[in-house]
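Here is what each chain is made of, one letter per residue.
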Amino acid sequence: MPVVNRIADYSEEMKTWRRHLHQIPELGLDTIKTAAYVAELLKDFGVDEIHTGIAENGIVAIINGQGKGETIGLRADMDALPITELTGVDYVSQHPGNMHACGHDGHTTMLLGAAKYLAETRNFAGRVALLFQPAEEAIGGARIMVEEGVMERFDIAQVYALHNAPGLAVGSFLTMPGPLMAAVDTFTIHIKGLGGHGAMPHETRDPVMAACGMAQAIQTIVSRNHPATEDLVISVTQIHTGTIDNVIPETAYINGTIRTFNPEVQKMVMRRMDEIVKGCAVAYGVVAELDYEVGYPATINDAEKTSFAADVAREVAGEANVEANGMREMGAEDFAYMLEARPGAYLFIGQGETAGLHHPNYDFNDEIAPVGASFFARLVEKAQPVA
């Protein structure tokens, strides 16, 4: 199709952009070099407005089309992860301990490719707002952008985003209406007992046993306190305690993650977690404090916008390469905040058989960047054709 062919004309440029971004991975809100590079490219493309400093280092760029129409928001995340890269590529991370292990360098590149095309052709009505967002992996940069009023400030009516998917066929798309990704909460339990000699446990109040008891009891929430038809994951991911074999420690620390779709299930987990921690503390003779942190909400696609986005994906990738009623997953995504503020859709784009997300050997597949850019571009043109 024409859009794919036109964007393919500068696919080598996109590879250059992506690999430069790959070398300068930055964490959280501190995407200073990344944002500067993105802003420089947007200026070269001739976009109409570049607004920087949003959510500290986020960018909103505006491209005006031909005639009146709504503003469509297209979002890409820019931040990286605190992982030491093991890919061995010649464009390896130049920031030791940080790497683009989730493909946000590729997401940014896809949106830049769409920006270049849309600024050049302007074959659409209304406006496009390009949302380059920091801090998806932690903190929730999307939430901050929404709280800072980007939807109202730029009059955004609908919003869309893509995420690469290892294991999904190259250039294919997957999405579904309604809940697509889970809400994510974090729990931390601090346990204080009475330490002592390992040979004299009767003189202690052992926080190790309390931690083990709590960890096991927490798992019964999934198996005994909620209906099997409702998706729920509770994972204890950390237990830290002790220093040596012959000392019973004074304290212990438990940490983990909770994934839900149903707010009522989330409330039940919060209640049961509190009851279990308090009850186990009494049973084991220790003091325990639960810190339950509510995180990103569920990512919920608007049914109408999802159907439309799937139609666009079919134009780009072909009917056989689009799954519009895929299975939801228990991962989480802060784009959920943007979907709470405006209707829209979140889609996965296949990256092929590669290392998984958040793995030190992961690398974004440059082959799919023109496909994602074409999806964004066609979405705008199809949503708001020139009269």
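Residues numbered from 1 in each chain as written. Predicted model: local features only at pLDDT ≥ 70, side-chain atom pairs only at ≥ 80, totals over all residues. Heavy atoms only, no water.

Asks: If you had to explain the overall build of the chain to someone new, which residues and values would you point to?
Replies: Summing up its helical and strand segments, the chain has eleven helices and 16 strands in all. Here the chain has a C-alpha radius of gyration of 24 Å; the compact-globule value for 387 residues is 21 Å, and the two agree. Seen through its C-alpha atoms, the chain measures out along the principal axes to roughly 80 × 45 × 40 Å. Sorting the 387 residues of the chain into buried and exposed places 54% on the buried side. Counting contacts in the chain only where the partners sit at least 6 residues apart, residues at least 24 apart contribute 82% of the total. For the chain, the exposed area adds up to about 16000 Å²; of that, 52% sits on carbon and sulfur atoms. Averaged over its 27 positive side-chain charges, the chain has a centre that lies 4 Å from the centre of its 51 negative ones. (Helix = DSSP H or I, 4+ residues; strand = E, 2+ residues; numbered from the N terminus. Rg over C-alpha atoms; globule rule 2.2 N^0.38 Å. Buried < 20%, exposed > 50% of the residue type's maximum accessible area, 1.4 Å probe, protein only. Contact = heavy atoms within 4.5 Å. Areas by Shrake-Rupley, 256 points an atom, 1.4 Å probe, with all protein chains shown as cover. Lys, Arg positive; Asp, Glu negative; His and termini not counted. Charge placed at Lys NZ, Arg CZ, Asp CG, Glu CD.)

Asks: Explain the packing of helix 9 (residues 303-317) against helix 11 (residues 369-383) to me, and be specific about the residues and the numbers.
Replies: Between two packed helices, the angle of one axis relative to the other and the distance separating the axes together describe the packing. At a closest axis distance of 9 Å, the pairing of helix 9 and helix 11 adopts a crossing angle of 125°. Considering their axes alone, helix 9 and helix 11 lie oblique with respect to each other. Handedness of the crossing formed by helix 9 with helix 11: right-handed. Seen from helix 9, the contacting residues are F308, A309, D311, V312, A313, E315 and V316; seen from helix 11, they are V371, S374, F375, R378, L379, K382 and A383. Split into classes, the residues belonging to the contact of helix 9 with helix 11 amount to nine nonpolar, one polar and four charged. (Axes fitted to C-alpha atoms, helices over the stretch in contact; angles between N-to-C directions. Parallel < 35°, antiparallel > 145°, perpendicular 65-115°, else oblique. Left-handed = near helix turned anticlockwise from the far one by under 90°. Nonpolar A, V, L, I, M, F, W, Y, C, P; charged D, E, K, R; others polar.)

Asks: Explain helix 9 to me, and be specific about the residues and the numbers.
Replies: The end-to-end C-alpha distance of helix 9, which contains 15 residues, comes to 21 Å, matching closely the 21 Å that a straight helix rising 1.5 Å per residue would cover. Three or more residues of helix 9 are buried, namely K305, T306, F308, A309, A310, V312, A313, V316 and A317. Phi for G318, located one or two positions after helix 9, is positive at around 95°. (Expected span 1.5 Å × (residues − 1).)

Asks: Explain the sheet that holds strand 8 (residues 183-192) to me, and be specific about the residues and the numbers.
Replies: Think of a sheet as strands paired side by side through backbone hydrogen bonds, with each pair either parallel or antiparallel. In space, the four strands of this open sheet follow the order 10-12-8-13, with antiparallel pairing throughout. On the outer flanks of this sheet lie strand 10 (232-241) and strand 13 (287-294), each paired with one strand and no other. Across the sheet, the axes of successive neighbouring strands diverge by a mean angle of 15°, strand direction being ignored. The pairing of strand 8 with strand 12 (residues 251-260) spans ten bridges and is classified as antiparallel. Of the residues in strand 12, the one forming a bridge with I189 is I254. Where helix 7 (residues 207-224) meets the sheet, it contacts strand 8, strand 10, strand 12 and strand 13, and its direction lies at approximately 175° from that of strand 10. (Pairing = 2+ DSSP bridges.)

Asks: Tell me about helix 4 (residues 104-121), and name the residues and values.
Replies: Each α-helix winds once per 3.6 residues, and so residues spaced three or four apart point in a common direction. Compared with the 26 Å implied by 1.5 Å per residue over 18 residues, the 26 Å span of helix 4 between its first and last C-alpha is a close match. The buried count for helix 4 comes to 16 of 18 residues, which makes it a mostly enclosed element. The first or second residue beyond helix 4 is R122, which carries a positive phi of 50°.

Asks: Before we move on, could you go through the pattern of salt bridges and cite the residues and values that matter?
Replies: Overall, the coordinates contain 25 salt bridges when judged by the stated rule. Close ionic contact of R6 with D9 constitutes a salt bridge, the shortest N to O distance being 3.0 Å. Given the relative accessible area of 29%, R6 is considered partly exposed. By relative accessible area, D9 is classed as exposed at 57%. Across the pair K278 and D274 runs a salt bridge whose closest N-O atoms are separated by 3.2 Å. Pair noted here: K278 and D274 are both in helix 8 (residues 263-284), with a separation of four residues, about one helical turn. We classify K278 as exposed; its relative accessible area is 53%. Through salt bridges with shared partners, one network takes in R18, R19, D105, D363 and D366. (Salt bridge = Lys/Arg side-chain N within 4 Å of Asp/Glu carboxyl O.)

Asks: So what about the packing of aromatic side chains? Which residues, and what values?
Replies: Summed over the entire model, instances satisfying the criterion amount to six aromatic pairs. Relative to F375, the ring of F173 has its centre 5.4 Å away and its plane inclined at 35°; by these criteria the two rings are tilted. Taken together, the residues span a long stretch of sequence, with F173 in strand 6 (residues 173-174) and F375 in helix 11 at a distance of 202 residues. Its relative accessible area of 2% is what places F173 among the buried residues. (Phe/Tyr/Trp six-rings, centres within 6.5 Å; stacked < 30°, edge-to-face > 60°.)

Asks: Would you mind going over the packing of helix 2 (residues 11-23) against helix 3 (residues 32-45) in detail, with residue names and values included?
Replies: Closest axis-to-axis distance for the helix 2/helix 3 pair is 10 Å, and the angle between their directions is 160°. Our classification of the angle between helix 2 and helix 3 gives roughly antiparallel. Helix-helix and strand crossings are classified by hand; for helix 2 and helix 3 the assignment is right-handed. Facing T16, W17, H20 and L21 of helix 2, the residues of helix 3 in contact are T34, Y37, L41 and F45. Grouping the amino acids of the contact of helix 2 with helix 3 by side-chain chemistry returns five nonpolar, three polar and no charged.

Asks: Any chance you could break down the sheet that holds strand 3 (residues 71-77) for me, citing the residues and the numbers?
Replies: Here eight strands make up an open sheet; going across it, the order is 1-2-4-3-5-16-6-15 and the pairing mixed. Sheet topology places strand 1 (49-54) and strand 15 (322-323) at the edges, where each strand pairs with a single neighbour. The sheet contact formed by strand 5 (residues 156-166) and strand 16 (residues 344-352) spans eight bridges and is parallel. What sits directly across from N164, in strand 16, is I349. Seen against the sheet, helix 4 touches strand 2 (58-64), strand 3, strand 4 (127-133), strand 5 and strand 16 and runs at an angle of roughly 145° to strand 3. This element, helix 9, spans strand 5, strand 6, strand 15 and strand 16 of the sheet and lies at about 30° to strand 16.

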